[in-house]
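Residues per chain, in single letters:
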Amino acid sequence: MTRDDIQSIVLNIIAEIAPDEDLSDVAPNVRLRDQLDLDSMDFLDIVMELRKQHGIEVPESDYQELASLDSCANYLEPKFAALQGSN
Amino acid sequence: MNQAKSKPKKDHYDVVIIGAGMSGMAAAIRLAHFGKDVCLLERHNAVGGLNSFYSIGGRKYDVGLHALTNYVPPGVKGTPLVKILRQLRIARDELDLNPQRCSRIAFPGVDLKFSNDFTLLESEILREFPDQADGLQTLLRKIREWDDNQLDYPDVSAREIVGECLSNPDLVEMLFCPLMFYGNAREHDMEFGQYVILFKSLFFEGFARPFDGIRVMLRVVRNKLKESGVERCMKLGVKLIQAEQGRVAALELDNGRVITADKVISCAGWPETLSLCSDVETKENPSNVGRLSFVETINILQRQPREFGLEDTIVFFNDAERFEFARPDELVDVRSGVICIPNNYDYSEGRQLEEGIIRFTAQANFEKWNSLNEEDYVDQKSWWFKALGESACKFLPIDSFDVIQQQTMVTDMFTPKTVKKFTGRLAGAVYGSPIKNKPGKTHLENLYICGTDQGFLGIVGAMLSGITIANLYGLRGD
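Analysis parameters
Residues numbered from 1 in each chain as written. Chains lettered and ligands numbered in written order. Predicted model: local features only at pLDDT ≥ 70, side-chain atom pairs only at ≥ 80, totals over all residues. Domains from an automatic or database assignment. Contact = placed C-beta atoms within 7 Å. Nonpolar A, V, L, I, M, F, W, Y, C, P; charged D, E, K, R; others polar. Pairing = 2+ DSSP bridges. Helix = DSSP H or I, 4+ residues; strand = E, 2+ residues; numbered from the N terminus. Axes fitted to C-alpha atoms, helices over the stretch in contact; angles between N-to-C directions.

Quick look at the domain arrangement of chain B now. Residues and elements named next belong to chain B. Domain boundaries assigned for chain B yield domain 1 (12-58 + 215-288 + 433-475), domain 2 (117-199) and domain 3 (291-423). With 5 residues of domain 1 at the contact, the number on the domain 3 side is 4 residues. For the side of domain 1 that touches domain 3, a count of residues per class yields 2 nonpolar, 3 polar and no charged.

A word on the sheet that holds strand 13 (residues 293-301) of chain B. All names here are of chain B. The strand order across the open sheet built from 7 strands is 7-6-14-15-16-13-17, with neighbouring strands paired in mixed fashion. Here the strands that pair on one side only, and so sit at the sheet edges, are strand 7 (110-114) and strand 17 (408-414). Neighbour-to-neighbour, the strand axes of the sheet open up by a mean angle of 20°, direction not taken into account. Across 5 bridges, the pairing between strand 14 (residues 314-318) and strand 15 (residues 332-340) is antiparallel. Looking at strand 15, one finds that F317 is bridged to G337. The strands that helix 6 (residues 169-181) touches are strand 6 (103-107), strand 7, strand 14 and strand 15; relative to strand 6, the one it contacts most, it runs at about 125°.

What follows is about the pairing of strand 4 (residues 59-62) of chain B. Residues and elements named next belong to chain B. Sheet analysis places strand 3 (residues 53-56) next to strand 4, joined by 4 bridges and oriented antiparallel. Among the inter-strand pairings, S55 is bridged to a residue of strand 4, identified as K60. Between strand 3 and strand 4, which pair antiparallel one after the other, the connecting turn spans 2 residues, and G57 there sits at a positive phi close to 55°.

Next comes the structure, spelled out in structure tokens:
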């Protein structure tokens, strides 16, 4: 699972949660909140969909790690790797 | 009892939801979507709770819906409507929301028109009450600054705060009137937090209606329940919530089954839910029951209301010297009320409701209606039907109620007694308890309240309440 794969997983989840957002031009190094209209309910959904679709657990204390696409990749990369390793 | 054959399918669930009202269904969808095993119990044979419909003589009548409040056009973000669509994965088009044309607050000698564009109301106020311009800006600032995402805001009097901003009592009452009729559970005054929620949902946001009324929303929500895997049990209520050591130990159902759940969320109302609990002593005489209820009359007309000059979507009227929002001494208080004309929404693609519809709503006294014998009940209904129509028509551009009656093909009417019968809300209290339970918690650790009694209002508000409680206690920190 590459960083690009992880970022597109997150973007796909956002597209599902917020179909009214334009995701064609999301800068990976800028906070998602600053470029998209996402609130805490939406972030909860990103976390819940990660669990539902990919079996990834994000504890509440780590929610801020999902601030931007880059930070998502940093944070989720080892988690996806661990998941693949265990399969 | 043959357990294998009776509902529900299992003996234990992650979450049991009491009531298939809008909030209960929204909570169930959220929880099941994220993998919870959810059972939704509804005592009535139809979903929707206070927002349902019924059929008589081949016609379908909406119960609660005059207007869906909180309407914003596509592209507006961050408002309750957008939140519920996202959280329930509903595409906006599915709801077929058509905006209102124009509504009105009508008091003796003064009219304030409003639409889904707030600047209209603002300019109307400035025209009628020019000396209130500064006060209005102060009030609007306080409304905008109020943080309505906070779950436990302080209970401060709206009358006090609005009175500090506006010095003209007529304007104060004209603004209170629609807000109270569309969601206030308290007599005479309301919490400022509720005032803000309602002000935003009616005036900053606005009114819309699906062409086919509430059943469009119910159909969408029912499909979501199915898709997400909620087990829905109709005509099956909870008889007793067995409490042990501060927790819900089990639920005894109307059919004799006993089931268990990790968590229980109820949208049956706060006092109504408490009166189901085995450890609550005031079961027979619960406190915090709302005193406000309504009658509504429905006139089905052979022509479009616009053909005889009725252009308004909704009219909030008051004929009393001072607007009063309280349980009336008589069966009905016809001095003030709401007129709703569902034909007067701006339906897309030039659609037009086949028949004309006019609904009149007014405050009513539950105890009085409830104590009538069958014969008197029928007589009183027809007497007040006419009295309400006559009073309301003074605020319409027609000579009298006769004009409407001459066009009328069919009528119907419901009273506080009808509301109680079909929703289980004590005293037919449409807007629930005067004291809201904003955190949604109860004396039992795993029993939560959602819906009107949690302090969100209207259809969108109810659904947001269910979502909020599901997120907070069902999904987060799990």
